[in-house]
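Structural description and commentary
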Amino acid sequence: MGYTLTEKILREHLADGSYELGKEIGIKIDQTLTQDATGTMAYLQFESMGLTDISTELSVSYIDHNTIQVGYENADDHAYLESIAKKYGIYFSRPGNGICHQVHLERFARPGKTLLGSDSHTPTAGGMGSLAMGAGGLDVAVAMGGGAYYLATPRVINIHLTGELQTWTTAKDVALRVLQILSTKGNVGCISEYTGEGISRLTVPERATITNMGAETGVTTSIFPSDLQTKKFLEAQGRGEQWISLAADADAIYDRTIEIDLDEIEPLAAAPHSPGNIATVRGLNLPVDQVMIGSCTNSSYVDLMTVARMVRGKTLPAGVSLGIAPGSRQVLSAIARNGALNDLISFGARILESSCGFCIGNSMSPCTDSVSIRTSNRNFQGRSGTPSANVYLTSPVVAAASAITGKLMDPRGLGMDFPEIEMPEHFEIDDRMIIPPLPAKQRAEIKVCRGPNIGEPPVNGPMPEEIRGVVTIRVGDLVTTDHIMPAGSRLKYRSNVPKYSEFVFEPLDKQFCSRASSLRDQGNHNLIVAGLSYGQGSSREHAALCPMYLGVKGVIAKSIERIHAANLVNFGIVPFTFAKDSDWDLLPENTQVRIPGIRKSLEIGDESVRALAGNIEINLALSLSKRQREILLAGGLLPLTVKKTKGK
Ligand code: MIC
Ligand code: SF4
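So, here is what we can say about the structure in this document.

Thresholds applied
- Residues numbered from 1 in each chain as written.
- Chains lettered and ligands numbered in written order.
- Predicted model: local features only at pLDDT ≥ 70, side-chain atom pairs only at ≥ 80, totals over all residues.
- Heavy atoms only, no water.
- Salt bridge = Lys/Arg side-chain N within 4 Å of Asp/Glu carboxyl O.
- Helix = DSSP H or I, 4+ residues; strand = E, 2+ residues; numbered from the N terminus.
- Buried < 20%, exposed > 50% of the residue type's maximum accessible area, 1.4 Å probe, protein only.
- Near = heavy atom within 4 Å.
- Nonpolar A, V, L, I, M, F, W, Y, C, P; charged D, E, K, R; others polar.
- Polar contact = N/O pair within 3.5 Å; in protein donor to acceptor, adjacent residues only side chain to side chain.
- Areas by Shrake-Rupley, 256 points an atom, 1.4 Å probe, with all protein chains shown as cover.
- Pairing = 2+ DSSP bridges.
- Axes fitted to C-alpha atoms, helices over the stretch in contact; angles between N-to-C directions.
- Contact = heavy atoms within 4.5 Å.
- Parallel < 35°, antiparallel > 145°, perpendicular 65-115°, else oblique.
- Left-handed = near helix turned anticlockwise from the far one by under 90°.
- Right-handed = clockwise from strand over helix to strand, strands pointing away.

Some details on the pattern of salt bridges
Summed over the entire model, instances satisfying the criterion amount to 35 salt bridges. With a closest N to O distance of 3.2 Å, Asp482 and Arg383 form a salt bridge. Taken together, the residues Asp482 in helix H14 (residues 481–484) and Arg383 in the loop between strand S18 (371–374) and strand S19 (390–393) connect sequence positions 99 residues apart. A salt bridge links Arg515 to Asp509; its shortest N-O distance comes to 2.7 Å. Residue classification places Asp509 among the buried residues on the basis of a relative accessible area of 14%. Through salt bridges with shared partners, a single ionic network connects Glu266, Arg282, Asp410 and Arg412.

Re the site of ligand 2
Taken together, His65, His101, Asp119, His121, Ser295, Cys296, Cys356, Cys359, Ile360, Asn377 and Arg383 make up the full set of residues near ligand 2. In terms of residue class, the shell around ligand 2 is built from 4 nonpolar, 5 polar and 2 charged.

Concerning the site of ligand 1
As a matter of local geometry, ligand 1 sits amid 14 residues, with Asp119, Ser120, Arg494, Ser539 and Arg540 nearest to it. Arg383 is positioned with one of its side-chain polar atoms (N or O) 2.8 Å from an oxygen atom of ligand 1. With respect to ligand 1, the side chain of Arg540 contributes an N or O atom lying 2.7 Å from an oxygen atom. Computed on the free molecule, ligand 1 has an accessible area of 330 Å², of which 96% lies beneath the protein chains in the complex. Within the shell around ligand 1, the residues separate by chemical class into 2 nonpolar, 7 polar and 5 charged.

Notes on the sheet that holds strand S2 (residues 24–27)
If you walk across this open sheet you meet the 3 strands as S1-S2-S8, and the pairing is antiparallel. Single-partner strands in this sheet number two, and they are strand S1 (14–16) and strand S8 (149–152). The mean inter-strand angle of the sheet, taken between neighbouring strand axes irrespective of direction, is 50°. Pairing geometry for S1 and S2, over 2 bridges, is antiparallel. Following the sheet pairing, Asp16 is matched in S2 by Gly26.

Details of the sheet that holds strand S11 (residues 221–223)
Spatial strand order, S11-S10-S9-S12: 4 strands in an open sheet with parallel pairing. Of all the strands in the sheet, just S11 and strand S12 (256–261) have a single pairing partner and so form its edges. Across the sheet, the mean angle from the axis of one strand to that of its neighbour is 20°, orientation sign disregarded. Strands in contact with helix H6 (residues 171–182) are strand S9 (155–162), strand S10 (190–195) and S12; relative to S12, the strand with the most contacts, it is inclined by about 135°.

A closer look at the pairing of strand S21 (residues 467–474)
Most of S21 is tucked away, with 6 of its 8 residues classed as buried. Bridge count for S21 against strand S25 (residues 592–595) is 4 bridges, and the pairing is antiparallel. In the sheet register, Gly469 faces S25, and the bridge partner there is Val593. In the sheet, S21 pairs with strand S22 (residues 525–530) via 5 bridges, with the strands oriented parallel. If you follow Arg474 over to S22, its bridge partner there is Val529.

Comments concerning the side chain of Asn524
Relative to the helices and strands, Asn524 is located in the loop between helix H16 (512–521) and S22. The contacts of Asn524, once residues within four sequence positions are left out, are Arg468, Gly469, Val470 and Leu519.

Topic: the environment of Pro205
Its location among the elements puts Pro205 in helix H7 (residues 204–214). C-alpha of Pro205 to C-alpha of Cys449: the two residues are 244 residues apart in sequence and 36 Å apart in space. Dropping the residues within four chain positions of it, Pro205 is found in contact with Leu105, Phe233, Ser300 and Met423.

Examining the packing of helix H9 (residues 301–311) against helix H11 (residues 340–347)
Relative to each other, H9 and H11 sit at 50°, their axes nearing to 9 Å. In this view, H9 runs oblique relative to H11, as classed from their interaxial angle. Considering how the two elements wind past one another, H9 and H11 form a crossing that is left-handed. Between H9, through Met305, Val307, Ala308 and Val311, and H11, the contact on the second element is made entirely by Ala340, Asp343, Leu344 and Phe347.

Section: the pairing of S10
Most of S10 is tucked away: 6 of the 6 residues are buried. Neither face of S10 is left uncovered, since the one carrying Cys190, Ser192 and Tyr194 and the one carrying Ile191, Glu193 and Thr195 both have all their residues buried. Remark: the S9/H6/S10 crossover connection has right-handed handedness. Once you follow S10 into H7 and on to S11, the crossover reads as right-handed.

This is the structure:
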């Protein structure tokens, strides 16, 4: 029996465990990436673990999230990250050089390599045939130090593409079609692998749009084979020698196969407030207030050139605001050189820095009750910074058609010829804004720069004999990490955990922090009760770290998403799931709950425990590997690693 592409790469990198469905395996990580919003904590943890050197083939630290710099906090983080990169032999992509995933695809991603990034859209590099996964910063810090990265042996989904995309239909519509089929829940522990003759016409940036948004389905990652398209892209990036041919065996067996005929896809949109809420653009004839083009999903050269051609010679209608954030300095320079930037500016676009900016609600929040069309990948309520805004996610051509007409518009109705833009045979390569690692000899002299915004990572105590506490909050289904730990205007506190913790659950319950901290101070453990797919979205470990700081010891949910579940364990919070989903009803807020003997249960490997709420008894499942139980007993990965290092 042949291997899937996923299995080939995972087997080749196997460092611990055996490759059996559902069993936990540890794999060697070849490359890591961090971004500033998660990176500062990742490197602080790297330092706390006493690690002194990176052991990966390549590690890159990007500055792309917090580039607004209102106040000293962001700049302090940048200075810390630049000095850390110099000290430990890490590439440093300076602010303005672009969004981590776009730049990594252009300059570093390689077929067949494993990549671990402290950002949930790290699978963007799957468009290049790299097995690229998002994780919490602590896991990335461990991988940088040469430790294995642990995941469950995945189920592999074959997404078999046939046919050809029709004019005005794009890779974004493929990503949205996949979301329509897989939805945003129920795919934990799966990897999506793309096959079929339909892939041969998709370029690497198009593939990267598709693997990027695979993150929204909750799969561990998505991957395309490495073929002639991959070769072409690597050659265009001056990296032709890094190409290898890589694909699944012809007789590979998949756990599930999904057939998609590209000819049948039409322009789609994700309607408010979930990337899984898919509708055809044709049916949505809405007046539009704002159009935002960019993000790691759709800001490649071809994306922006197509938009520029569409708007050339026209004028942005009154009442509509248009912002464009090119994905990288490479893209921005290319459109500046060929004049397309001028077409965008003279149409009325506001050109934004090559960074995440608007995507994370860090700028360009739309007005109250507005309709905002965005080419990004998440439209969770309030993520734009405006809770009442209705955000629709679309392709760049739908976004451009909407900017031209002021209505959410299917571009097929524009009566315009489709601007055929080819990917350049050679991109202009200019890596001057990427600082390469210093020679080892010079690193010792580097002094790490720590401004007042650079705190210490808080460390948890060991797991108590029993959890005795209160349901401090009960939430429903599909609660995202943006609900748990908002970004946007709060993002600048990422390096200051006590301050950032004040905003835990802010969009759902502004009193959570004060309630949780006073319960903690009275000696209670706090418990979070949740519905399905708890912790969707971002990889931000602060969604576990800050609740831990506020005394949360357990999350009891109907189901928990992969990265978030791993982050909970890493910070010593037990991820319980209801044995019976309907028991969620039995645990409203303020219920006193005891989970007796939790320490013992973790020690002996119980797969279920009892929670006692008055005279009600509720069965909770514990699905944890031996390694995870050990982490929980120690109170988290950081105290465990420190203990092990000291013991040596
Ligand atoms: C996001 O898109 O939500 C982010 C901001 O990139 C996050 C990372 C973070 O919270 O810093 C992600 O996707 O992991
Ligand atoms: Fe940045 Fe948005 Fe991509 Fe997250 S999804 S990495 S915030 S561009």
